[in-house]
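# Secondary and tertiary structure notes
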Amino acid sequence: MTEHVEWSEPEVAAMPVNAAVTPADAADAARLVAFGLQPKLQPARDQEYTDLLRRYREDPPFARLADAVATGLGLVVLEVSPRAGMAVTAAEDSVFAVRMGDYARRTAADSGDRFLHGLAHLAVAAMAFPRPEDLADDGYIGRVSVNGVDAFVRQACRRLEERAEEQGENTDPATDAPGLEAAWRIWARRSAAGATKDARRLAGSTTGIVGKAVVFLTDSGFLQRTGDDSGGTYRTTARYQLQVRDMAGSAALAELLELGIVPVTDGTASLLPPEDTDDLELVADAGLPFHS
């Protein structure tokens, strides 16, 4: 059962606009930001968090103080609400920023795989919110699976390969210069699953890479695991929707959506496979989500 926190209309501000900021006010503002840095913490389950969120809404000077604390830490406030709490994201120069290079080094020995890890994160975002109205609807919940994301990227690989052939581009670059390969070429050549002797997914396989991405997103409070089917199934959280909204204008995400693999214009169904890829071999039990 989902818990909701209702906010009444604000009454008289708790502190006049020109009131002096006290150390206690600064401590409360910093405490609110600290809550925001705990992405799995739900406001409805912590009374102090709920009280500080309410104060943020009803006390404009306090809200400005909390925003200033966040800015000083290199954080961008995306939303402050009962559903998302104090949702923040790290600016590029923030000590809280996660670099893709650092992330890739933590998850794989091969530095070349950082391209694949980046592509996996883009694919999860595109599958979770394939239409503009999905991002705009606060009540929308996206659902993804590990095998489904891998199948989606392989569809993108097929589409990009066809485009390269039409344009006469070199589709078989030198094998001793992987840095010159586009990420999709590396992904297409990589094994989808593979397995260790004890049947665990190979970390360097594409489903292994997607698996690491969704675990990272789950640990960051962006996804919630819902089952074990299709390599693992997940649902989005309010924080992830805000994060994807923030990155929606990125060129890489736009290019991925523009491939035609995820229709985003008719508003009727999300994530339909392209009409001209009936012969495409998808990952077994891909579990592609369809939203109507």
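Residues numbered from 1 in each chain as written. Predicted model: local features only at pLDDT ≥ 70, side-chain atom pairs only at ≥ 80, totals over all residues. Heavy atoms only, no water.

### Concerning the sheet that holds strand β3 (residues 143-145)
Spatial ordering of the open sheet is given by β3-β5-β4, a layout of three strands whose pairing is antiparallel. Single-partner strands in this sheet number two, and they are β3 and β4 (223-227). Taken pair by pair, the neighbouring strands of this sheet meet at an average axis angle of 35°, ignoring direction. The sheet contact formed by β4 and strand β5 (residues 233-236) spans four bridges and is antiparallel. Residue pairing across strands places L223 opposite T236, the latter belonging to β5. Contacting β4 and β5, helix α9 (residues 206-219) runs over the sheet at an angle of about 120° to β4. (Pairing = 2+ DSSP bridges. Helix = DSSP H or I, 4+ residues; strand = E, 2+ residues; numbered from the N terminus. Axes fitted to C-alpha atoms, helices over the stretch in contact; angles between N-to-C directions. Contact = heavy atoms within 4.5 Å.)

### Considerations on the environment of R31
Examined against the element boundaries, R31 turns out to sit in helix α1 (residues 23-36). Relative accessible area serves as the criterion here: at 35%, R31 is assigned to the partly exposed category. Distance in space between the C-alpha atoms of R31 and E48 is 9.4 Å, their sequence separation being 17 residues. Setting aside chain neighbours within four positions, we find R31 in contact with E48 and L52. Polar contacts involving the side chain of R31 include one to the side chain of E48, which spans 3.4 Å. (Buried < 20%, exposed > 50% of the residue type's maximum accessible area, 1.4 Å probe, protein only. Polar contact = N/O pair within 3.5 Å; in protein donor to acceptor, adjacent residues only side chain to side chain.)

### Here's the deal with helix α3 (residues 60-72)
Between its first and last C-alpha, α3 extends 18 Å over 13 residues, near the 18 Å set by a 1.5 Å rise per residue. Along α3, the residues classified as buried are P61, F62, A63, L65, A66 and A70. Summarising the contacts, the buried residues of α3 are in contact with α1, α2 (47-58), β1 (75-81) and β2 (85-90). Downstream of α3 by one or two residues, G74 has phi in the positive range, about 75°. (Expected span 1.5 Å × (residues − 1).)

### Things to note about the packing of helix α5 (residues 114-128) against helix α7 (residues 146-166)
Contact pair α5 / α7: the axes reach a minimum separation of 10 Å and the direction vectors enclose 105°. In terms of orientation, α5 and α7 fall into the roughly perpendicular class. Taking contact as the criterion, the partners of L119, A120, A123, V124, A126 and M127 in α5 are, on α7, G148, V149, F152 and V153. Across the contact of α5 with α7, the residue classes break down as nine nonpolar, one polar and no charged. (Parallel < 35°, antiparallel > 145°, perpendicular 65-115°, else oblique. Nonpolar A, V, L, I, M, F, W, Y, C, P; charged D, E, K, R; others polar.)

### Focus: the pairing of β2
With five of its six residues buried, β2 lies for the most part within the structure. From the end of β1 to the start of β2, which pair antiparallel, there are three residues.

### Considering the pairing of β5
The sheet contact formed by β3 and β5 spans three bridges and is antiparallel. Across the sheet, R143 pairs through a bridge with R235, a residue of β5. Between the end of β4 and the start of β5, which pair antiparallel, lie five residues, with S230 showing a positive phi angle near 55°.

### A few points about the packing of α1 against α3
The relative placement of two packed helices comes down to the angle between their axes together with the axis-to-axis distance. Between α1 and α3, whose axes approach to 9 Å, the crossing angle comes to 60°. The orientation of α1 relative to α3 falls into the category oblique. Relative to α3, the crossing made by α1 is right-handed. Touching D25, A26, D28, A29, A30, L32 and V33 of α1 are F62, L65, A66, V69 and A70, all from α3. Residues of the contact of α1 with α3, tallied by class, amount to ten nonpolar, no polar and two charged. (Left-handed = near helix turned anticlockwise from the far one by under 90°.)

### What to know about the environment of A26
If you trace the backbone, A26 turns up in helix α1. Measuring from C-alpha to C-alpha, the distance between A26 and A66 comes to 7.8 Å, with 40 residues separating the pair along the chain. If sequence neighbours within four positions are ignored, A26 has contacts with V21 and L65.

### Things to note about the pattern of salt bridges
Applying the stated criterion across every chain yields a total of ten salt bridges. A salt bridge links R55 to D25, with the shortest nitrogen-to-oxygen separation between them at 2.8 Å. Taken together, the positions of R55 in helix α2 and D25 in helix α1 put the pair 30 residues apart, joining distant regions of the chain. Between D138 and R83 there is a salt bridge, with the nearest N and O atoms lying 3.4 Å from each other. Placement of D138 in the loop between α6 (132-136) and β3 and of R83 in the loop between β1 and β2 is noted, with a sequence separation of 55 residues between them. Look at D138 and you get partly exposed, because its relative accessible area is 44%. Looking at R83, the relative accessible area reads 30%, which means it is partly exposed. Through salt bridges with shared partners, a single network forms among D25, D28, R55 and D59. (Salt bridge = Lys/Arg side-chain N within 4 Å of Asp/Glu carboxyl O.)

### Some words on helix α10 (residues 238-247)
Burial analysis of α10 places seven of its ten residues in the buried class, the great majority of the element. Taken together, the buried positions of α10 are occupied by A238, R239, Y240, Q241, L242, Q243 and V244.

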